Structures are given as structure tokens and as C-alpha cells.
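Structural features, examined
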Amino acid sequence: MTAPARARASQELIRAEEPVLAHNYHPLPVVVARAEGAWVEDVEGRRYLDMLAGYSALNFGHRHPALVDAAHRQLDRLTLTSRAFHHDRLAGFAERLAALTGTDMVLPMNTGAEAVESGIKVARKWAYDVKGVPADHATIVVAADNFHGRTTTIVGFSTDETARAGFGPFTPGFRVVPYNDLAALEEAVDETTAAVLIEPIQGEAGVLIPDDGYLAGVRELTRRAGCLFVADEIQSGLGRTGRTLAVEHEPVVPDVVLLGKALGGGIVPVSAVVGSREVLGVLRPGEHGSTFGGNPLAAAVGTAVVELLETGEFQRRAAELGTVLREGLAALVGRGVVGFRARGLWAGVDVDPALGSGREISERLMREGVLVKDTHGSTIRLAPPLTVTGEELRGALGTLEKVLTS
Ligand SMILES: *Cc1c(COP(=O)(O)O)cnc(C)c1O
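Residues numbered from 1 in each chain as written. Predicted model: local features only at pLDDT ≥ 70, side-chain atom pairs only at ≥ 80, totals over all residues. Heavy atoms only, no water.

1. Describing the site of the ligand
Around the ligand sit T111, G112, A113, F147, H148, G149, E199, D232, I234, Q235 and K261, and those are all the residues in its vicinity. Within the backbone of G112, one N or O atom sits 2.8 Å away from an oxygen atom of the ligand. In this structure, a nitrogen atom belonging to the ligand sits 2.7 Å away from a side-chain N or O atom of D232. When isolated, the ligand has an accessible area of 380 Å², and the protein chains bury 81% of it. Among the residues making up the shell around the ligand, the classes are represented as three nonpolar, five polar and three charged. (Near = heavy atom within 4 Å. Polar contact = N/O pair within 3.5 Å; in protein donor to acceptor, adjacent residues only side chain to side chain. Areas by Shrake-Rupley, 256 points an atom, 1.4 Å probe, with all protein chains shown as cover. Nonpolar A, V, L, I, M, F, W, Y, C, P; charged D, E, K, R; others polar.)

And the structure:
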């Protein structure tokens, strides 16, 4: 194809979406056709460094050879049984995921929102069966500015009006308190409380990292109050912050951890609720389920993901390259960056609003070959694959500097 013909292909594909696709997203005007590692290529053959990594669904990069190989091998053998029958990949996946996360039991699901819904159901069941909360009176305490997914129950306890408005009526039984505020949490928890559900780092809110001691405080408070600590690690978990789980930055073991995104290796949706036998043991046959949850392909890919994380290599990379990221961003403070928060290979960067909205900065970065996503206002989020090299990361920081200072 000649260059102009290829250039038309991109605009035509974007225009073709308009009449047939629900407008629930506002993507950057890039049409990706292939990808490998930390790099994607658009239909016109332009290459971009992927500094979003599918919101952490691509922690191991695009098409990691070990993950693609595991998927191929499973595709040639068995893809779906439903949970009506056993299959030969599920026990191994559950054992290894439980061992990786230091828990007893695994409830496999597909998407993150399903894991959150499942965590809510398990916490309520535990409150009635074990804690003795009167029927239909269980409460769950959540944090303001949370992001836990898009189902009607979940958006019902969101504080983002765009996510909520027009979708009610909502599920009752949730109390919202400010994030990173132990006193407010203490006040909201009472004898009806089944669980406190929080993100150890609030991703969509702009990579908000709570004060040191907050997570340990939540653990202590929930233990004292006799309710569960449910940590949504769907975005923060599986290596992103330099540890397997983000809660590990404090000496904290939640009762229940929700996993998703990277658990599917960027290939298939795989999520899971992991927790103690005391909690997940409350479920009996027929009380909860999913046709696709824990299917053989998902289990094969999920097992390969766990194998990658068992080496500790990715956690180490995220921690080491996290230093490069932090130092690079610190050097830009006052030069277009007004502030940032970073842990491991994950950062929320507040850009001087005078330079443009987060969206505009993202579009400028795109034109320079770096893909990122804005969150709110003038904040952009950086979350490259954990396979990114130091050189690639420095290159992206250089591009950010160029975009902000020229
Ligand atoms: C993405 C995300 C979810 C929802 O996951 P989906 O797979 O999109 O349903 C839930 N919680 C957190 C923290 C997330 O980042």
C-alpha cells in the first residue's frame, strides 16, 4: 500500500465504528493492528510504545511467548467444559494461585467486575452464616472515588456521577467514606458490617497512594470489628507495584483479594476471588457460578501467568524500573508536571492545566509514538508493561518532556 492509502485506512476504520458501535468509550485516534512486547503498531505501520498496557491487563507485554504458547497448547486440547464437569487444568491453577497469594481457596471468574460482585456476595454470605448479621442487613463500607467496575451494583456505590447517573435504582447496603481516612472508616463500621472493600492504590482515581499505615490500619480495624478486609487488586496486583500484591508494601494480609486484568495474560479474561477457607468455604453448590469461570483455556493461561510471577523477576523489574520512572518524573516537576504519585511501574501524573487537558497531552504523546490514557482533568496515567526496558522507559519520559516543554 502507498502511504496515503494506508493513512486513509486508519481514518476510514475510525469512521466505520461511529454508526455501529455504542459510544461508551472515547478512544485515542489510533487503530492498532499488531503488537509485540511493549510495542504496538497501527494499521499504517507506525509504532508506539504502550505506556498503558491495557490498564495493567498486559503486565507481561503483548503476546508474551510463554503465555501465547500456553494458550496455543491448550487450544489444541480442550477449551471449555463448563463447571458441570471437572477438567484437568483447574486444580493446578487454583493451587498455584493460592500459593502465590498466600491464601487457601480460589473462586475463578472472568472479568474484574465479576470478581468484585463475587467478593460482595461471599462477604454478605459470610456475614449471615458466620458473623450472625440479621438477614438482609449486611453492610459493606467502600471508599469515595473508588473504581470497582461497571455493573449496576458496583456503579451504585461509585461517587463518579458519570458512572452512576441514569442507571439507578441501585443495590442498597453500601456506605461510602473518604479514602485514606481511618477515623471515617472506624465511624462507618458497625455490627452489620460484612466487609471493608478498598483498592490498596486507587487506580482510576489517578493512582492515589494512601499514607503509610493506612492499609495496616484497615487490617487492624477490620480485625477488631470482626468484619472482612476485601482488597481489590485487579489493577494494582500481580507485579505492577513491585510486589506480587500492592498490600504487601505494608505487613498486611487481607481476608479476600480480588484479582483480574493481568491474570488473563492479555489473552483471555480471567479473574478470581482468593481468600481463606473460613470465608470462601461459605459457598455451597448452586449458590454462585459462571459458565466460563475457570475454563480450561483461562486456567492454562492463568497458570502460565502465575508461573511468570513465581520467579519474582517481574516484581523485581517493576521495583527497579519504578526508580527510573520516579526519578524521571521528579525531574519534570516544575517543567510541565505539577505533581505525581508513583509506585513500581505505575504513576499518576498531574500536568499543568495551562498546557492542556490530560486528553490533549495524551493525543500529543500519541503523535510522538507513546500511548497513555488520561484519567480526570489534567492527570495522565503511566503503566507500561513490566517487560519494558530501562531504555524504552527513558525514551518515553524524554517524549513526555518534549511534549510538555516544547
Ligand atoms: C478494571 C478494574 C475493575 C473491573 O474490571 P473489568 O474486567 O473491567 O470488569 C475492578 N476493579 C479495579 C480496581 C479495576 O481497575
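So much for the structure itself; the text now carries on.
2. Notes on the domain arrangement of the chain
Note: interface size is frequently given as the accessible area lost on complex formation between the parts. Its domain assignment divides the chain into domain 1 (3-63 + 314-405) and domain 2 (65-310). Contact residues are listed per partner, giving 29 residues for domain 1 and 31 residues for domain 2. Interface area, domain 1 with domain 2, both sides summed: about 2,400 Å², of which 60% is carbon and sulfur. Together, Q315, R343 and W346 form the three largest contributors to the area buried by domain 1 at its contact with domain 2, with a combined 33%. Here domain 1 and domain 2 share one salt bridge between them. The closest approach of N and O atoms between R381 and E204, which form a salt bridge, is 2.7 Å. (Domains from an automatic or database assignment. Contact = heavy atoms within 4.5 Å. Buried area = accessible area lost by both parts, 1.4 Å probe. Salt bridge = Lys/Arg side-chain N within 4 Å of Asp/Glu carboxyl O.)

3. Some points on the pattern of salt bridges
Applying the stated criterion across every chain yields a total of 20 salt bridges. Between K125 and E287 there is a salt bridge, with its nearest N and O atoms 3.3 Å apart. In this pair, K125 is assigned in helix α5 (residues 112-131) and E287 in the loop between α10 (277-280) and α11 (296-310), connecting sequence segments 162 residues apart. By relative accessible area, E287 is classed as partly exposed at 34%. Taking the shortest distance from any N to any O, the salt bridge between K373 and D374 comes out at 3.6 Å. Judged by relative accessible area, K373 falls into the partly exposed class, the value being 25%. Put simply, D42, E44 and R46 are held in one network by salt bridges that share partners. (Helix = DSSP H or I, 4+ residues; strand = E, 2+ residues; numbered from the N terminus. Buried < 20%, exposed > 50% of the residue type's maximum accessible area, 1.4 Å probe, protein only.)

4. Some remarks on the pairing of strand β12 (residues 347-351)
The element β12 is largely enclosed, with a buried count of five among its five residues. In β12, alternate side chains face the same way, and those of A347, V349 and V351 on one face and G348 and D350 on the other are all buried. Bridging between strand β11 (residues 337-342) and β12 involves five bridges; their strand directions are antiparallel. Within β12, the position partnered with A342 by the bridge is A347. Counted along the chain from β11 to the antiparallel partner β12, the turn is four residues long, and its residue G344 has a positive phi close to 60 degrees. (Pairing = 2+ DSSP bridges.)

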